[in-house]
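# Descriptive analysis of the structure
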Amino acid sequence: MSKTPYITTAIPYVNGAPHVGHALDYLLADVYARYKKEQGITVRFQSGTDEHGNKIWSKAKSLGIPVEDYVRDNAEKFREFIKKLGVEPTDFIRTSSEDHARRVGKIWKKIESHIYSAEYEGWYCSGCERFITDKEYEETGGICPDHQAPYERLSEKNYYLKISDFKERIKTAIESGEMTILPESRKKQVLNLLETSPDVSISRPKKNLSWGIPVPGDDSQVMYVWIDALANYLTVLGYPETDISDFWPAEVQFVGKDILRFHAIIWPSILLALGLPLPKVILSHGFVLANGQKMSKSIGNVIDPLDILEKYGLDPFRYYFLRHVDTFADSDFTWEKFDAAYANELANDLGNLVQRLAVLDKKNNVSIKTEVSCFTAPKNYTSLMDNFKYSAAFDYVWDEIQQLNKDINDQQPWVVAKENPEKAQEILTGLTMRLLDCSKLLVPFLPDTCKAIQGVFQETITIPAPLFPKN
RNA sequence: CGUGGGGUAGAGCAGCCUGGUAGCUCGUUUGGCUCAUAACCAAAAGGUCAGUGGUUCAAAUCCACUCCCCACAACCA
């Protein structure tokens, strides 16, 4: 049992700007971290960037700048993006860093008994600089559609990791729940994939891949993405130079559904080869769609998260992506939906509730003593949060917010005040305390808003500017 | 015979695992309130739960088949 919960996010490949998918990954992890923090538990929270590989190398080259500068600038974009999302990781690792490279080299040495070298032979396009699958070869009739050139038959030396050494062990771990795959529906898919997974190629000849970590003891080979990138979850903690038993095994690893297979097959293989325990939970989230379609540059329907942040600010952004985007399933983003959620839910339900209560409290000289409240989160809420059902947890709190609006109407404190001011104060204090309880439950989701709400209802009530102004 | 997800009021979805009066949000219509960001509250209209067949006293729910949509292969969470 690790003493400090360790949560991880996928490290983005830095050949492009941050997009909403990255935002989702970060936010899901951040809510969990903040939720734990609210319970008085400190977490270790990793983040970082994946910076090696040919694509980055050639991109930098085409821009005419040194690759080190290119990745540094892009990594910085992600670091800033994380900050803008209100996400507060404890670590940020860059795979091109010296520490990472040195530690990965040591990791490679430790698992060498599960590594072997073999010739890889296949169809290769020199234009794409990559091998293609046999299936692809048949479909294209042996000619690369991008370059209109025939594929060549090439062979090269690769190192392979023996996935076969670990299949049974991984299967057992997944089935027993030792390593939980969430959601359940993807667990079956992973088990299917595991059955047929071949050993995986983990290196490339240096002549084909120069921007990467050298394979220890073989100058002609460079590590391919798997060990380089996946090992970040360990090297960021200092492994193998530092004892990581306080943090490892990870509590939750957040990944996108497209990279689940690597995290559920290759990654556990590496861990088992190292003799380390497997992560407790691998959570794979869905995609954010635009109008029901996958966002892509070619369709031109990409939503830039920075646009949303700029137009609406941080908490509305977090609100939409944590309540109206499902943790596990693909969800839709449209500006119409976002606008509707903002106006109906944030402004009318919550913002207006804060406003009307603040005014009523002020008029009736209500004074709130917050320091005495000993608050425990209701079980319904915690069990949803513990299972990462964030939007359901939101629903739970929102029911109470709507109930508060009803109760204000029903109890009519403004009428009571005319006859019985003390009774009105009592009613308002009760209602206000309930609102403050709601705000405590929303802290992991909307940190700034909750801070603002708690600032309003003190011994002296401060009537705030509208929390979520319209127009 | 590829694999997976889905088809439930105008829109978006829950319910299905563990059969028993079809629910939520938005929108629409009508009414109430006046503390509040023209906000809030209440009521109403609106569905042969994709289709066909089966199991059952009883099927949106379980089973079989059929139809339709979408993802999984190609930089991209």
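All values derive from a computational prediction rather than experimental measurement.

Next up on the list: the overall build of chain A. Along the backbone of chain A there are 18 helices and 19 strands. When its C-alpha atoms are laid out on the principal axes, chain A stretches across 90 × 50 × 40 Å. Of all 471 residues assigned to chain A, the portion counted as buried reaches 51%. Of all intrachain contacts in chain A linking residues separated by at least 6 positions in sequence, the fraction that spans at least 24 positions is 77%. For chain A, the accessible area works out to roughly 21,900 Å², and carbon and sulfur atoms hold 50% of it. If you average the places of the 55 positive and of the 65 negative side-chain charges in chain A, the two averages end up 1 Å apart.

In spatial order, the strands read β18-β17-β19; together these 3 strands make up an open sheet with mixed pairing. Two strands close off the open sheet at either side, each with one partner strand: β18 (293-294) and β19 (331-333). Pairing geometry for strand β17 (residues 288-290) and β19, over 3 bridges, is parallel. Residue pairing in the sheet places Leu-289 in a bridge with Asp-332 of β19.

Time to look at the state of the cysteines. Two cysteines, two sulfur atoms, one covalent bond between them: this is a disulfide. As enumerated under the stated definition, the model contains 0 disulfides in all. For Cys-438, which is in no disulfide, the shortest distance to another cysteine sulfur is to Cys-450 and amounts to 9.5 Å. On the accessibility criterion, Cys-450 (1% relative accessible area) is buried.

A cis amide bond links Leu-182 to the next residue, Pro-183, at an omega of -5 degrees. Inspection of the secondary structure assignment puts Pro-183 in the loop between β10 (180-182) and α7 (184-196). At the junction of Tyr-239 and Pro-240, the peptide bond is cis and its omega measures out at 0 degrees in the coordinates. Mapped onto the fold, Pro-240 is located in the loop between α9 (232-235) and β15 (252-256). Positive phi outside glycine occurs at Gln-412, with the angle close to 40 degrees. Position of Gln-412 among the secondary structure elements: in the loop between α15 (390-411) and α16 (413-419). For Gln-412, a relative accessible area of 34% translates into the label partly exposed.

With that settled, the discussion passes to the packing of helix α13 (residues 335-363) against α15. Look at α13 against α15: their axes get within 10 Å of each other, and the N-to-C directions meet at 45 degrees. Taken together, the axes of α13 and α15 lie oblique to each other. α13 and α15 meet at a crossing whose hand is left-handed. Contacts between α13 and α15 involve Glu-345, Leu-346, Asn-348, Asp-349, Leu-350, Leu-353, Arg-356, Leu-357 and Leu-360 from the former and Trp-398, Ile-401, Gln-402, Leu-404, Asn-405, Ile-408 and Asn-409 from the latter. Partitioning the contact of α13 with α15 into residue classes produces 9 nonpolar, 4 polar and 3 charged.

As a further point, take the protein's contact with RNA strand B. By nearness alone, 34 residues border RNA strand B, and His-19, Gly-256, Asp-258, Asn-352 and Arg-356 come closest of all. Restricting the count to atoms of RNA strand B within 4 Å of the protein gives a sugar and phosphate share of 60%. Note that a phosphate oxygen of RNA strand B is positioned 2.8 Å from one of the side-chain N or O atoms of His-22. Note that a base nitrogen of RNA strand B is positioned 2.6 Å from one of the side-chain N or O atoms of Arg-356. Breaking the surface near RNA strand B down by element, the ones donating at least two residues are α1 (20-38), α13 and α15. Looking at the surface near RNA strand B, the element that brings in the most residues is α13, giving 11 residues.

As a further point, take the pairing of strand β9 (residues 152-161). Side-chain direction in a regular strand flips from residue to residue, so the side chains alternate between the two faces of the sheet. As defined by bridge partners, strand β5 (residues 115-125) adjoins β9 across 10 bridges and the pair is classed as antiparallel. Paired with Tyr-124 across the bridge in β9 is Glu-152. Note that β9 and strand β11 (residues 200-201) share 2 bridges and pair antiparallel. Among the inter-strand pairings, Leu-161 is bridged to a residue of β11, identified as Val-200.

This part takes up the domain arrangement of chain A. Each domain of chain A was delimited in the assignment, giving domain 1 (6-286) and domain 2 (337-456). Between the C-alpha centres of domain 1 and domain 2 the distance comes to 43 Å. Of the roughly 960 Å² buried between domain 1 and domain 2, counting both surfaces, carbon and sulfur atoms make up 74%. Three residues stand out in domain 1 for area buried against domain 2, namely Val-31, Arg-34 and Tyr-35, and they jointly supply 55% of the buried area on that side.

Mapped onto the secondary structure, His-52 falls in the loop between β3 (48-49) and α2 (54-63). Assessed through its relative accessible area of 9%, His-52 is described here as buried. When the C-alpha atoms of His-52 and Asn-344 are compared, they prove to be 45 Å apart, with 292 residues separating the residues in sequence. His-52 has contacts with Tyr-13, Thr-95, Ser-96, Trp-211, Gly-212, Ile-213 and Asp-228, leaving out every residue within four places of it along the chain.

Parameters at a glance
- Residues numbered from 1 in each chain as written.
- Chains lettered and ligands numbered in written order.
- Predicted model: local features only at pLDDT ≥ 70, side-chain atom pairs only at ≥ 80, totals over all residues.
- Heavy atoms only, no water.
- Helix = DSSP H or I, 4+ residues; strand = E, 2+ residues; numbered from the N terminus.
- Buried < 20%, exposed > 50% of the residue type's maximum accessible area, 1.4 Å probe, protein only.
- Contact = heavy atoms within 4.5 Å.
- Areas by Shrake-Rupley, 256 points an atom, 1.4 Å probe, with all protein chains shown as cover.
- Lys, Arg positive; Asp, Glu negative; His and termini not counted.
- Charge placed at Lys NZ, Arg CZ, Asp CG, Glu CD.
- Pairing = 2+ DSSP bridges.
- Disulfide = S-S within 2.5 Å.
- Axes fitted to C-alpha atoms, helices over the stretch in contact; angles between N-to-C directions.
- Parallel < 35°, antiparallel > 145°, perpendicular 65-115°, else oblique.
- Left-handed = near helix turned anticlockwise from the far one by under 90°.
- Nonpolar A, V, L, I, M, F, W, Y, C, P; charged D, E, K, R; others polar.
- Near = heavy atom within 4 Å.
- Polar contact = N/O pair within 3.5 Å; in protein donor to acceptor, adjacent residues only side chain to side chain.
- Domains from an automatic or database assignment.
- Buried area = accessible area lost by both parts, 1.4 Å probe.

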